[in-house]
There are 2 protein chains.
Amino acid sequence: MDAMLDTEGKETSATHGAYRKLRELILTGELPPGQKLKIEQLRGLLDTGASPVREALSLLTSDMLVERIDQRGFRAAPVSKCNFEEILLLRCNLEETALRASITNADAAWEDRLVLRHHHMKKASQNGAQDFEDAHKAFHMALLDNSKLPLLLRYCSQLYDLNIRYRYLAAGGSSYKKRDIAAEHQQILDAALNHDADGATRHLIDHYRRTGEYLSSQMEP
Amino acid sequence: MDAMLDTEGKETSATHGAYRKLRELILTGELPPGQKLKIEQLRGLLDTGASPVREALSLLTSDMLVERIDQRGFRAAPVSKCNFEEILLLRCNLEETALRASITNADAAWEDRLVLRHHHMKKASQNGAQDFEDAHKAFHMALLDNSKLPLLLRYCSQLYDLNIRYRYLAAGGSSYKKRDIAAEHQQILDAALNHDADGATRHLIDHYRRTGEYLSSQMEP
DNA sequence: GTCTCCAAAAATATCGATATTATTTGACAT
DNA sequence: ATGTCAAATAATATCGATATTTTTGGAGAC
């Protein structure tokens, strides 16, 4: 259709492209919680047709980032302290399960992956915030992915994204850097490499609870 | 458009109707695992347009009942013993969390709901299998829904559906009736009404494990 | 006989237009 | 003034048609 300028060359389907962009806009808060998402408006914003936009919104519904109101369109999922606390609770529960399973299955290849992801994350912390966000998620997911439990990983990934949204909303996405998060990551990594399941899960959960308390204190009731 | 014959009168949007029907077809195994889901074919089967079918398939993707292969359409999600065992594991974990929270929040209204759902389930066991299925799910979800944790409930509901699919696939949906399932339900109900969190979760998990072992034994490696 | 490559067929993804449904606006009666 | 109802407006949901991509099938070369 267009001149097929594959300078970017990565997006195959319009639906998938719209999905990625919309997801980003909602996660970062550029499309604020509760906002009505009109098809026409988004069609312009993402310059594509109405069908891809609709499908992207349907997909985001599964990620719980968009709500569909039957016959009345879509809107960005609302936020609440209650919702945030549930996310925190579930993350602690599910990530503990996944991390323990990962350590049970530990092998050299996994340890290599961990070390590598950790290194990349440290390097990325000097680059832009977006680079760090990506590397941070990659490190956390690497901790879990040796569990070989795809459904569980999917849930963890979903909850991770829901959580990061609250970080962006509370403080523009950089507040958590002020704590000494590097040390916390190092502790988790070391425990995992030592196959110390109890220690690793304790550090991981502390890591989440600490961030959680800070964010929770910043929100209205 | 049509003569709007609202004899049925419940389905508002074509998308939602297609979603419900497709979901049913996949859960019961009428559309077997791994099967290619061609738009045209479904368009005929559900007699509606291509757009509602497409959106319904997108929604089912979130339920993990349909897989989307980029640019290559959709297919019914595959099954495997591995996948089944993960579902069982996660259900035990998540439903325990939810049930304990429900009991923590226990009040008279919840207990009434439980008794009622249990009664309806017993009554429905004399009706058709579909009626019983619905009542069975309603009872199990009632056990959990006093947790007031909507995300958790959503995951439990999803996993419940994924599990029931295996029941249909393994034995046409009626095999589990041969065990004395009524007694097991009664035990769970009684423990819940007594606010006995340990007993209730133990009975619930045994209930799942027993069904799980039976189904697992019926599957190829 | 097998492999490669190209053309034909089928299926998907996307667009533009239309019908349907919700929302707003303003006139009228109280 | 205020509340209610109806027409106008806007937005969603759906359809039919087209462009793109994948898959199929078969002709020719080695």
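Quick caveat: nothing in here was measured; it's all calculated off a predicted structure.

Colleague: Lay out the relation of the copies chain B and chain A with the relevant residues and their values.
Modeller: Copies of the same chain, two in number, are related to each other by a rotation about an axis and a translation along it. Overlay of chain B on chain A (RMSD 0.1 Å): rotation 180°, translation along the axis 0.0 Å. Here the symmetry operator amounts to a two-fold rotation axis. Looking at the rotation axis and the C-alpha trace of chain B, the residue lying nearest is Ser62(B), at 2.3 Å. Here 100% of the contact residues of chain B are again contact residues in chain A; the copies associate through an equivalent surface.

Colleague: Explain helix α1 (residues 14–27) of chain B to me, using residue names and the numbers behind them.
Modeller: Look at α1(B): 20 Å from first C-alpha to last across 14 residues, which is about the 20 Å you get at 1.5 Å a residue. Inspection of α1(B) places Thr15(B), Gly17(B), Ala18(B), Tyr19(B), Leu22(B), Arg23(B), Leu25(B), Ile26(B) and Leu27(B) among the buried residues, and these make up the whole buried set.

Colleague: Break down the sheet that holds strand β3 (residues 74–76) of chain A for me, with residues and values.
Modeller: Residue and element names in this part refer to chain A. Strand order in the open sheet formed by three strands is β1-β3-β2, and the pairing between neighbours is antiparallel. The outermost strands of the open sheet, each flanked by one partner alone, are β1 (36–37) and β2 (66–68). Note that β2 and β3 share three bridges and pair antiparallel. When the bridges of β3 are listed, glutamate 67 appears paired with arginine 75.

Colleague: Mind laying out a negative patch on the surface, listing which residues take part and the relevant values?
Modeller: Among the surface-exposed residues, Glu24(A), Glu30(A), Asp131(A) and Asp134(A) lie close enough to one another that they form a single negatively charged patch. One can find Glu30(A) in the loop between α1 (14–27) and β1.

Colleague: Pulling in residues and values, what's your account of the UniProt feature "domain: HTH gntR-type" (unreviewed entry) in chain A?
Modeller: According to UniProt, the "domain: HTH gntR-type" (unreviewed entry) feature falls on residues 12–79 of chain A. In residues 12–79 of chain A, helix accounts for 50% and strand for 12%; the two terminal C-alpha atoms are 32 Å from one another.

Colleague: I'd like to hear about the interface of chain B and chain A, residue by residue, with values.
Modeller: With 31 residues of chain B at the interface, the matching set in chain A holds 31 residues. Buried surface at the junction of chain B and chain A, both sides included, amounts to about 2,700 Å², of which 58% is carbon and sulfur. Taken together, the connections running from chain B to chain A amount to four salt bridges. Where Arg68(A) meets Glu55(B), a salt bridge forms, and the shortest distance between an N and an O atom there is 2.6 Å. Scanning the region where chain B abuts chain A turns up 22 residue pairs in polar contact (both at pLDDT 80 or more). If you list the elements that add at least two residues to the side of chain B that touches chain A, you get α1, α3 (50–62), α4 (81–104) and α7 (150–171) of chain B. Residues that form the side of chain B that touches chain A fall into these classes: 13 nonpolar, twelve polar and six charged.

Cut-offs used in this document
Residues numbered from 1 in each chain as written. Chains lettered and ligands numbered in written order. Predicted model: local features only at pLDDT ≥ 70, side-chain atom pairs only at ≥ 80, totals over all residues. Heavy atoms only, no water. Least-squares fit on C-alpha atoms with pLDDT ≥ 70 in both. Contact = heavy atoms within 4.5 Å. Helix = DSSP H or I, 4+ residues; strand = E, 2+ residues; numbered from the N terminus. Expected span 1.5 Å × (residues − 1). Buried < 20%, exposed > 50% of the residue type's maximum accessible area, 1.4 Å probe, protein only. Pairing = 2+ DSSP bridges. Patch = residues over 30% accessible without salt bridge, like charges linked within 9 Å, V, L, I, M, F, W, Y side chains within 5 Å. Areas by Shrake-Rupley, 256 points an atom, 1.4 Å probe, with all protein chains shown as cover. Salt bridge = Lys/Arg side-chain N within 4 Å of Asp/Glu carboxyl O. Lys, Arg positive; Asp, Glu negative; His and termini not counted. Charge placed at Lys NZ, Arg CZ, Asp CG, Glu CD. UniProt positions renumbered as here; feature names shortened; annotations may be inferred. Buried area = accessible area lost by both parts, 1.4 Å probe. Polar contact = N/O pair within 3.5 Å; in protein donor to acceptor, adjacent residues only side chain to side chain. Nonpolar A, V, L, I, M, F, W, Y, C, P; charged D, E, K, R; others polar.

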